[in-house]
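# Topology and contacts: notes
Residue-level listing of the chains:
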Amino acid sequence: MMRHTKNKAIAAGLLLLPVFGFAQEAGSAPDHTSYFSNALFNALLVLIIALLIVIIALGQTLRNIAGSDYLIDKAKEKDEKNKHQDTIRNAGLMLLLFSGLSMEAQNAQASADSWRIGGLDMLTFYSMIAFIVLEVILIIILYRLITGFIKPELRASVQASKPKEKTIFEKLNASVDIEKEHDIILDHDYDGIRELDNDLPPWWKYGFYLTITIAVIYLINFHITGTGDLQTEEYRKAIAQAKADVAEYMKNAANNVDETNVKQLEGADIESGKELFIANCAACHGKAGQGSVGPNLTDAYWLHGGSLADIFKTVKYGWVDKGMKSWKEDLSPMQIAQISSFIRTLAGTNPPDGKSPQGDLYQENAAPADSLALTKDTLAVKADSLK
Amino acid sequence: MELQKFQYDNKIVKWFAYATMFWGVVGMIAGLLAALQLAIPALNMELPYTTFGRVRPIHTNAVIFAFVGNGIFMGVYYSLQRLLKTRMFSDLLSKVHFYGWQLIIVLAAISLALGKTTGKEYAELEWPIDILITIVWVVFGWNMFGTIIRRRERHLYVAIWFYIATFVTVAMLHIVNSIEIPVSFWKSYSWYAGVQDALVQWWYGHNAVAFFLTTPYLGLMYYFLPKAANRPVYSYRLSIIHFWSLIFIYIWAGPHHLLYTAVPDWAQSLGVVFSLMLIAPSWGGMINGLLTLRGAWDKVREEVVLKFMVVAVTAYGMATFEGPMLSLKNVSAIAHYTDWIVAHVHVGALGWNGFLTFGILYWLIPKLFRTELYSKKLANMHFWIGTLGIVLYAIPMYWSGIMQSLMWKEFTPEGQLKWQFMDTVTKMIPFYITRAIGGTLYLTGAVIMVYNIVKTIKAGSFLANENAEAPALEKVYNTHGKEHWHRWIERKPVQMMIVSLVVVAIGGIIEFVPTFLVKSNIPTIASVKPYTPLELHGRDIYVREGCYTCHSQMIRPFRSETARYGEYSKAGEFVYDHPFQWGSKRTGPDLARLGGKYPDSWHYNHMLDPTSMSPGSIMPPYPWLFDDQIDVSSTVAKIKAMKRLGVPYPENYEHVAAADMEKQAKLITESLGKDGISILPDREVVALIAYLQRLGTDIKHEAKKDTLK
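Residues numbered from 1 in each chain as written. Chains lettered and ligands numbered in written order. Predicted model: local features only at pLDDT ≥ 70, side-chain atom pairs only at ≥ 80, totals over all residues.

Turning our eyes to something else, we now look at the overall build of chain A. Scanning chain A for helices and strands turns up 14 helices and four strands. Of all 387 residues assigned to chain A, the portion counted as buried reaches 24%. Put simply, of all contacts in chain A between residues at least 6 apart along the chain, 68% involve residues at least 24 apart. (Helix = DSSP H or I, 4+ residues; strand = E, 2+ residues; numbered from the N terminus. Buried ≥ 20, exposed ≤ 12 C-beta atoms within 10 Å, placed from the backbone. Contact = placed C-beta atoms within 7 Å.)

Below you can see the structure in the form of structure tokens.
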């Protein structure tokens, strides 16, 4: 017995080792590729662990059966048992080997930018799937072994030798013993179907009463005493709370920008602005800002003003009747500042397929020298396109 | 007492069994296609008939009414004769019932593919088919009651109580929910509008689950499970209590599909509490089923029929516990509009209905053909593949549903929504793929079963008329001493039917009457006006293409929803919506306030190729809307029908509607022209744009005023 337990502990440890090692590796990685932020990975991991638990439970069952008195005197079956245990051990070892190997392979591959499924690279995905398949196969083998051991005659002898004590489940249900069933059988006979007259299971009956009680309290709470908040009130409170939370946060936040104090950003912020632009604006304004559904953002003509503050305002509040939505619920003030700053850098880039100008010519007044040059440039472009 | 000789009609049972298997496989294939389309949009094939919005109703109707429907009739026709010791009342009625039902299914499949739909979930079929359903359902009831009247068994067994309740309730649900004003032979408008339509529809929708997928199957369980296990039913008293409480309480629970919507608060609360009280009555069926197997668990290990039944009853227990939990408002706030609901119904459909049907087929076919099942091994294989299929279907959908909902609700500390809607869509793809794998496994299992059963049939010889004998009923019934009070109604089928009808009618009446009569339930909003003729046409296109299968039009009063979509929806906004289009799933974003959000040209490009405007979108393209012309010949009839429903168009408006329509269409083509797009003003896409640009705009200004206050 001792030997078995020890073996199993080692085996379990071995099985989990690669997982932990792998987890560490992934966790320490500085970039965004942490596997634990990937839902699919987590899902598969949970499945793997759940199946492992099933395997361990089945293994336990098998050992109990194999170690039970009924088999000890049956030398032949005992031989068989040993053989089976070997099989299991071998299968387990193979599994270990495989898992270790696959994890190794994964690490080597992790950085490679291969084809991905749900954010997981192919190798990780398929090795995890393969692992699951192996686990399933092992479960099937174990299951078949167990059912093979429990031959019907054996089961009968097991049952016969059991003391007739009510199980917890039977006590809970207040069932009449199967042996005494003839006392409560009704004289009903429908095409051979008989009916017993067991009591309602008490837990069921009182559970029913409980739900009825809760129902009554619920209705009183919301509709008679009015102590519970109905949905409109609940909404009002949630909004007020959210406003307070945001205000509190913004007090200390660095990115408290609005149209009155927004400044032209540079460097990395322009890059972020570009990314945000591609993701959110390009569908209507074109990837280069040349305009399609929405107006051209590279020329000197603006429908709602071309200053940084104007652009910031347009993005923030939108011009809903003209088809420009308000982005203030989707983007933070800082992000809007980044986008607006990026848009300002587009002036005069003159991308191909530019949409013809809309709105009024915008001229920067009291602008610093270099941005004045930019405006001149744009004007030159404009003059070109007018020729 | 003299024994009378008679014969059971097995032929009708056989036909229904064949139909069950055939439509089961067809319905599952449609489901698999729909599942794959969500992962691989190219599978929509750019054809109207194969686009998700039409495939999904075909799938749901096929599995509910064709697969489970035929399954019900198969089981009822087999068990009813034997439980009553008589042949079916009329072979002719049986035949009419069978062919009538199959005709309905074929018509349904064709008309749904052609886009003939009422736009109400699980009640999509248009009015001529609705009438046909009513007729065939009456034929079924007539045949059943004829059989019951001619019975040789004094008392009705619990299975038959369930059959009777099913018959009367489905009749009531179908008729009340299908009241509609025909516009043409294949087009009608729901009699109800907005909130009322929603309430009636989900009273129907929820109880279609209750009285089409649950009560008849409980009846079947009460016959086939004790038969297969050869054990007495656990508790007669439990049968009585859970039967009556189940049918009484179930009816009330409909509004739990509409929590946090514009439905009045009191109706929502009724939906919540009755759903909660439904746990015990539902579980009564599960307990009585599982405990009937007491002392037969060794058989369950050997008998594949019992294995299927045990999983079925367990799935039933899980789904009926989960249902009430989903009906709690705080859980619904997370689960509604997500894949969680899809997972929930599939545990019921694949587990409970599917597995019970399979179990019955494996038990029944060898009996009808007087032989052994061709291969127990294959049947076992089916069991395991099917179970694995259910697991692989349900788990990813639970996961994706919860994940998506949490993403929708997440804010940054600055107070902005953390995720664009599209971010949450692209995260769903791997889950959709895994779900499709689960579905494929389940379908594979069903195909294996068909093969196994065909082989069994080939090996056996069919017994069309099975000899039986029983004594006739005596004219006068003497009770033998003291009997249970419930025995009385078990002898009185007509009273049984009437009492059932009364019991199931109460909940609906109490929920509907105030919603229809009391004005304060739907406060009117002065700025809400009827649709223009062009918008009305656009709306009909929206309904036809099944947009509601993926888009809701109901913004709930949550910060995360008003931030994303705009002011939450008010009851008064929907008073001209025949039918309502609130939807039940957000595979795509809510559209209730879509109007004015994007320019016309955005919509134009988006309908032609959704990914051009929303990179990563899984919405199918709708190229035919750019070729097909708006059906102007129906404008007059549509306006007239709307007027009959009480929509306040000016007098004789139907005669000037065409001119108004042209004007509006021209405005849209001009605005498209400015963005360099040229399209004729008579194309369907123009009407659709008109409708989409109207959505939710009626109260936009008022909402603004409100927030300024």
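This part covers the overall build of chain B. Of regular secondary structure, chain B possesses 26 helices and four strands. Its C-alpha atoms give chain B a radius of gyration of 26 Å, within 12% of the compact-globule value 27 Å for 709 residues. Along the longest, intermediate and shortest principal axes, the C-alpha atoms of chain B span 90 × 50 × 50 Å. Relative to its full complement of 709 residues, chain B shows a buried share of 58%. (Rg over C-alpha atoms; globule rule 2.2 N^0.38 Å.)

Residue and element names in this part refer to chain B. Helix 18 (residues 493-517) packs onto helix 7 (residues 236-250) with a crossing angle of 40° between their chain directions and a minimal axis gap of 6 Å. With respect to their mutual orientation, helix 7 and helix 18 come out oblique. Of the residues in helix 18, those in contact with Trp 244, Ile 247 and Phe 248 of helix 7 are Ser 500, Val 503 and Val 504. The class makeup of the residues in the contact of helix 7 with helix 18 is five nonpolar, one polar and no charged. (Axes fitted to C-alpha atoms, helices over the stretch in contact; angles between N-to-C directions. Parallel < 35°, antiparallel > 145°, perpendicular 65-115°, else oblique. Nonpolar A, V, L, I, M, F, W, Y, C, P; charged D, E, K, R; others polar.)

Take the domain arrangement of chain B next. Residue and element names in this part refer to chain B. Domain annotation for chain B reports domain 1 (3-470 + 488-511) and domain 2 (533-708). Taking only C-alpha atoms, the centre of domain 1 and the centre of domain 2 are 34 Å apart. Contact with domain 1, which involves 41 residues of that partner, is made by 47 residues of domain 2. Elements represented by at least two residues in the side of domain 1 that touches domain 2 include exactly helix 2 (52-84), strand 2 (180-184), strand 3 (187-190), helix 6 (194-229), helix 14 (376-409) and helix 15 (421-426). Broken down by element, the residue count for the side of domain 1 that touches domain 2 peaks at five residues, all from helix 2. (Domains from an automatic or database assignment.)

Taken together, the contact pairs 56 residues of chain A with 60 residues of chain B. Of all the secondary structure elements, the ones that give two or more residues to the side of chain A that touches chain B are helix 2 (39-66), helix 8 (202-224), helix 9 (231-252) and helix 11 (282-285) of chain A. At eleven residues, helix 8 of chain A tops the list of elements feeding residues into the side of chain A that touches chain B. In terms of residue class, the side of chain A that touches chain B is made up of 35 nonpolar, twelve polar and nine charged.

Our focus in this paragraph is the nonpolar core. One finds Tyr77(B), Phe308(B), Met309(B), Ala312(B), Tyr362(B) and Leu688(B) to be the most contacted residues of the largest nonpolar core, which totals 238 residues. Looking at this core element by element, the count peaks at 23 residues for helix 6 of chain B. Discounting residues that sit within four places of it in the chain, Tyr362(B) has contacts with Val304(B), Val305(B), Phe308(B), Leu373(B) and Ala379(B). Among the nonpolar cores identified, the runner-up in size contains 24 residues, and Cys281(A), Val315(A), Ala337(A) and Phe342(A) belong to it. (Core = buried A, V, L, I, M, F, W, Y, C linked by C-beta atoms within 7 Å.)

Residues and elements named next belong to chain A. Mean pLDDT over chain A works out to 74, with 66% of the residues at or above the 70 mark. Across chain A, element-level confidence peaks in helix 8 with a mean pLDDT of 95 and bottoms out in helix 14 (residues 369-386) with 42. In this model residues 11-33 is a low-confidence stretch, pLDDT under 50, and it forms 17 contacts with partners more than four residues away in sequence or in other chains. Contacts of residues 366-387 to residues separated by more than four positions or lying in other chains number 17 contacts, the stretch itself having pLDDT below 50. (pLDDT = per-residue confidence, 0-100.)

Further remarks concern the environment of Thr479(B). Within the secondary structure, Thr479(B) sits in the loop between strand 4 (465-471) and helix 17 (487-490). Between the alpha carbons of Thr479(B) and Phe185(B) there is a distance of 56 Å; along the sequence they are 294 residues apart.

Moving on, we come to the packing of helix 6 of chain B against helix 11 (residues 304-326) of chain B. Residue and element names in this part refer to chain B. At a minimum axis separation of 10 Å, helix 6 and helix 11 run at an interaxial angle of 140°. As judged from the angle between their axes, helix 6 and helix 11 are oblique. Of the two possible hands of crossing, helix 6 and helix 11 adopt the one that is left-handed. Note on element contacts: helix 11 touches helix 6 through Val 305, Leu 306, Met 309 and Val 313, opposite Met 221, Leu 225, Ala 228 and Ala 229. (Left-handed = near helix turned anticlockwise from the far one by under 90°.)

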